[in-house]
Amino acid sequence: MTKQNLNMQEKKSLIGLKPAELKELTAKMGMPAFTARQITEWLYKKRVTSIDAMTNLSVKNREALKQEFQVGRHEPVFVQTSIDGTKKYLFQTPDGHFIESVYIPEDDRFTLCVSSQVGCKMNCKFCMTGKQGFNGQLPASEIMNQIMSIPEAEKLTNLVFMGMGEPFDNLPEVLRSLDVLTSDYGFAWSPKRITVSSIGLIPGLKTYLEQSACHLAISMHTPFHKERLELMPIEKAYPFEEVLKLIRQHDFSHQRRVSFEYIMFEGYNDTMRHALETVKLLRGLECRVNLIRFHAIPNVDLHTSDERKMVAFRDYLTNNGITCTIRRSRGEDIYAACGMLSSKNKETLNPTPDNIDSF
């Protein structure tokens, strides 16, 4: 572990803290009551990278803060750029692990796909992140750092929690991040700019629906229980029909949106039988289905459906009252597309142009 990482690990990060928490810690340190408000503004409005930059704090108070705390900002250690303009950023966490984030520019829309865990516990058959196993939860500071420390941070229009990890398996830290992003003290973003994706952990889903107004995306991938269980072990504990039952208890008829992600596999889930059952399951629910091309990953015997089948599937759903789109693949050439993020091989490497190909 580098000296920089050791310093990062020893000190607590300020980003991710709420005003009440900053007020409590500054009071304990004997600082004036208004200091918490000043720090909050420096962190989230002015987005400083160091405590020294908080120039309206006294030198004494800055030095005291620096003894125990750091802002918590650190730049990505590497970036890869796709032929389509997508960028994949590699971040190193304070404990020496690696995570990936994906920046997707498209016309006047600039989206960042962020990670919420190092690896993932869920082991979905089609996902590279799941193949690497689970290496730890990301605190809100590391989630926020991905958003704040890329060069395009000020341009971002949208955010999706669709990177490494299952957000509802790290829900307290995800909700903390969402609070910073959507509160007036923080970024003051509309919740409609943010989508959180889940495979359907029902306890977390229930809490999220009650405590957040951000959009929801659920990984569906097939309407049939047995097939979904083959693809996603979580189906055994939390069947899709139970997930759907909970979603139907909430109002998605206004600005808040629920969508269902459906990766299409040749000869597995792309038949008219699947389209019929999907319409049957989702009928009456204000929602969207996103069809996604499967991006081949090593040692997985699945193949993407051809364009003709995807179009036919989309048209059937649309003609039967279910809004359906085919998502454009982005960043496949740099392993940045859906289901391709993984930092397994990075744990033993120092990322440089010479070894990046081995990622």
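On a plain count of helices and strands, the protein comes out with 13 helices and 14 strands. Here the protein holds 359 residues, and the buried ones make up 56% of them. The long-range fraction of contacts in the protein, counting pairs at least 24 apart against all pairs at least 6 apart in sequence, stands at 67%. When the accessible surface of the protein is summed, it comes to about 16200 Å², and 49% of that surface belongs to carbon and sulfur atoms.

So, about the sheet that holds strand E3 (residues 78–81). Read from one edge to the other, the open sheet built from 10 strands follows the order E3-E4-E5-E6-E9-E10-E11-E12-E13-E14, with strand pairing classed as mixed. Of all the strands in the sheet, the pair left with one neighbour each is E3 and strand E14 (323–326). Pairwise comparison of adjacent strand axes, ignoring direction, gives a mean angle of 20 degrees for this sheet. In terms of strand pairing, strand E9 (residues 158–161) meets strand E10 (residues 194–198) through 3 bridges, oriented parallel. The residue bridging Val160 from the neighbouring strand is Thr195, located in E10. Together, E10 and strand E11 (215–219) form the strand contacts of helix H8 (residues 202–211), whose direction differs from that of E11 by roughly 160 degrees.

Attention now goes to helix H13 (residues 307–319). Relative to the 18 Å expected for 13 residues at 1.5 Å per residue, H13 spans 18 Å between its end C-alpha atoms, a close match to the ideal helical length. Buried within H13 are the following residues: Met310, Phe313 and Leu317. Within H13, the buried residues cover an arc of 65 degrees as seen down the axis, which keeps them to one side. With respect to the buried face of H13, the exposed residues turned more than 90 degrees away are Arg308 and Asn319. Buried residues along H13 sit against strand E12 (258–264), helix H12 (272–282), strand E13 (288–293) and E14. Taking the backbone nitrogen of Arg308 as reference, a side-chain oxygen 3.2 Å away marks Asp306 as the first, capping residue of H13. Gly321 lies just past H13 and shows a positive phi near 85 degrees.

Among all residues save glycine, negative phi is the norm, and among peptide bonds the norm is trans. Even without being a glycine, Asp107 presents a positive backbone phi close to 55 degrees. Tracing the backbone shows Asp107 in the loop between strand E5 (98–106) and strand E6 (109–113). The phi dihedral of Ala188 is positive, around 60 degrees, even though this residue is not glycine.

A word on the environment of Gln92. Summarising the element assignment, Gln92 is placed in strand E4 (residues 87–92). On the basis of relative accessible area, Gln92 is assigned to the buried category, the value being 17%. A C-alpha to C-alpha distance of 9.5 Å links Gln92 and Glu142, two positions 50 residues apart in sequence.

The next point concerns the confidence of the model for the protein. Looking at the protein, the pLDDT average stands at 91 and 89% of residues meet or exceed 70. The model gives residues 352–359 a pLDDT under 50, and that stretch makes 12 contacts with residues more than four places away or in other chains.

Residues Asn158 and Val160 line one face of E9 and the alternating positions Leu159 and Phe161 line the opposite face, and both faces are buried. Pairing of E6 with E9 involves 3 bridges; the strand directions are parallel. Note that in E9 the partner of Leu112 across the bridge is Leu159. Between the parallel elements E9 and E10, the chain passes through helix H7 (residues 171–182) in a crossover that is right-handed.

Conventions and cut-offs
- Residues numbered from 1 in each chain as written.
- Predicted model: local features only at pLDDT ≥ 70, side-chain atom pairs only at ≥ 80, totals over all residues.
- Heavy atoms only, no water.
- Helix = DSSP H or I, 4+ residues; strand = E, 2+ residues; numbered from the N terminus.
- Buried < 20%, exposed > 50% of the residue type's maximum accessible area, 1.4 Å probe, protein only.
- Contact = heavy atoms within 4.5 Å.
- Areas by Shrake-Rupley, 256 points an atom, 1.4 Å probe, with all protein chains shown as cover.
- Pairing = 2+ DSSP bridges.
- Axes fitted to C-alpha atoms, helices over the stretch in contact; angles between N-to-C directions.
- Expected span 1.5 Å × (residues − 1).
- Arc of directions from axis to C-beta.
- Polar contact = N/O pair within 3.5 Å; in protein donor to acceptor, adjacent residues only side chain to side chain.
- pLDDT = per-residue confidence, 0-100.
- Right-handed = clockwise from strand over helix to strand, strands pointing away.

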